[in-house]
Amino acid sequence: MRWDNLGDNPATAAEIALFGTDAVTTRTFDTPEFRGITFHEVRARSIVNRVPGASRMPFEWTVNPYRGCTHACVYCFARKTHSYLDLDTGLGFDSQIVVKINAPELLRRQLASRRWQGAHIAMGTNVDCYQRAEGRYRLMPGIIEALRDHANPFSILTKGTLILRDLDLLVQAAEVTEVGISVSVGFTDQELWRTVEPGTPSPQRRLDVVRTLGEHGIGCGVLMAPVIPFLGDRPEQLRDTVRAIAEAGATSVTPLVLHLRPGAREWFFTWLRQHHPHLVGRYERMYADGAYAPTWYQRRITRQVHELAAEFGIGPARRGAPRRIPVPEDPALAGAPEQLTLL
């Protein structure tokens, strides 16, 4: 594995390494929840990452305490990042997890720096910070405590129910700064969930998180992502999902159609050939021009979810509501109907 000369967005071999080989400890745990998973514990050299200027992401700073994800979502766009370590972007991404064990202390040091201006920090935008590994390593309590103590605004996007473990800390942080929580629920179809997101809590359990956060005064939006063409986009599926999101008390819902970047694309097509071979040709045509579905299709899904959200009484977050994870806009959608926002 290539640990040296590694940046979160590597471009040249001259970049400063995030950690060196002498700082890596590899562990396995013979317990049912971690069987088959290897953890690479590292002492990172930095934890607050600037998003490249060319990125479509509408936030500037992120914190990612893990690389790789046991959620094992077959479509995960972050799979490509494992290739920077010379790790496999398929099963390796699901089972070779890099743990930045000093993330809380690094963040506290960064927030205390005179150079830090208190900018918003987004978490869960690469891999899920509440994946199963967090149950053992418990990095997020220290991270949230540091953000709370410095009254630094932040947001979290997750599929993990483990976030409720830190509910008290989130409530405390929300008393002193902007805290935004968004939960990802692209569909409620149980069969689809079991095959495409095998390591995640069920959609209903995730919606229970939305409900619980709301009951404790933390409004929670839902990123309805991904909407999967030909498998999760039938009108009745969209209706069932938006209805469930509304019943959970979500403050907003934002649809996002499946996109297939390099790394994710190859692994998704491997899964598709195994589970739905009759759809391979349709996907090849739909994604022939790149990572994104055609504009007309994205517009159609956005319009349908818009209409359903209005029917069930949910919509864009109210002015003054807690900040949510914003969703990057595809330039191809310029002029499309306004998409529900998580801001």
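Conventions used here
- Residues numbered from 1 in each chain as written.
- Predicted model: local features only at pLDDT ≥ 70, side-chain atom pairs only at ≥ 80, totals over all residues.
- Heavy atoms only, no water.
- Phe/Tyr/Trp six-rings, centres within 6.5 Å; stacked < 30°, edge-to-face > 60°.
- Helix = DSSP H or I, 4+ residues; strand = E, 2+ residues; numbered from the N terminus.
- Buried < 20%, exposed > 50% of the residue type's maximum accessible area, 1.4 Å probe, protein only.
- Lys NZ or Arg CZ within 6 Å of the ring centre and 35° of its normal.
- Expected span 1.5 Å × (residues − 1).
- Arc of directions from axis to C-beta.
- Contact = heavy atoms within 4.5 Å.

A. Structural detail: the packing of aromatic side chains. For the structure shown, the criterion picks out 10 aromatic pairs. Residues Phe 269 and Tyr 283 carry aromatic rings whose centres are separated by 6.4 Å and whose planes lie at 85° to one another, so their mutual orientation is edge-to-face. Of this pair, Phe 269 sits in helix H9 (residues 264-275) while Tyr 283 is found in helix H10 (residues 280-286), placing the two residues 14 residues apart along the sequence. Across this residue pair, the class does not change: Phe 269 and Tyr 283 are buried. When the centroid spacing of 5.8 Å and the interplanar angle of 90° are considered together, the rings of Trp 296 and Tyr 297 count as edge-to-face. Pairwise contacts between aromatic rings join Phe 230, Phe 268, Phe 269, Trp 271, Tyr 283 and Tyr 287 into one cluster. Over the face of the ring belonging to Phe 230 we find Arg 282, whose NZ or CZ atom lies 3.9 Å from the ring centre.

B. Examining unusual backbone geometry more closely. In this structure, the amide linkage connecting Ala 225 to the following residue, Pro 226, adopts the cis form with an omega of -5°. Residue position: Pro 226 is located in strand S10 (residues 220-227). Located in the positive-phi region is Ala 151, a residue other than glycine, with phi close to 50°. Assignment of secondary structure puts Ala 151 in the loop between helix H4 (140-149) and strand S8 (154-158). By relative accessible area, which is 37% here, Ala 151 ends up partly exposed.

C. Just H9, in detail. With 12 residues, H9 should cover 16 Å at 1.5 Å per step; its first-to-last C-alpha distance of 16 Å lies within 8% of that length. Within the span of H9, buried status applies to Ala 264, Phe 268, Phe 269, Trp 271 and Leu 272. Viewed along the axis of H9, the buried residues span an arc of 160°, placing them on a single side of the element. Tucked inside the fold, the buried residues of H9 contact helix H6 (190-196) and H10.

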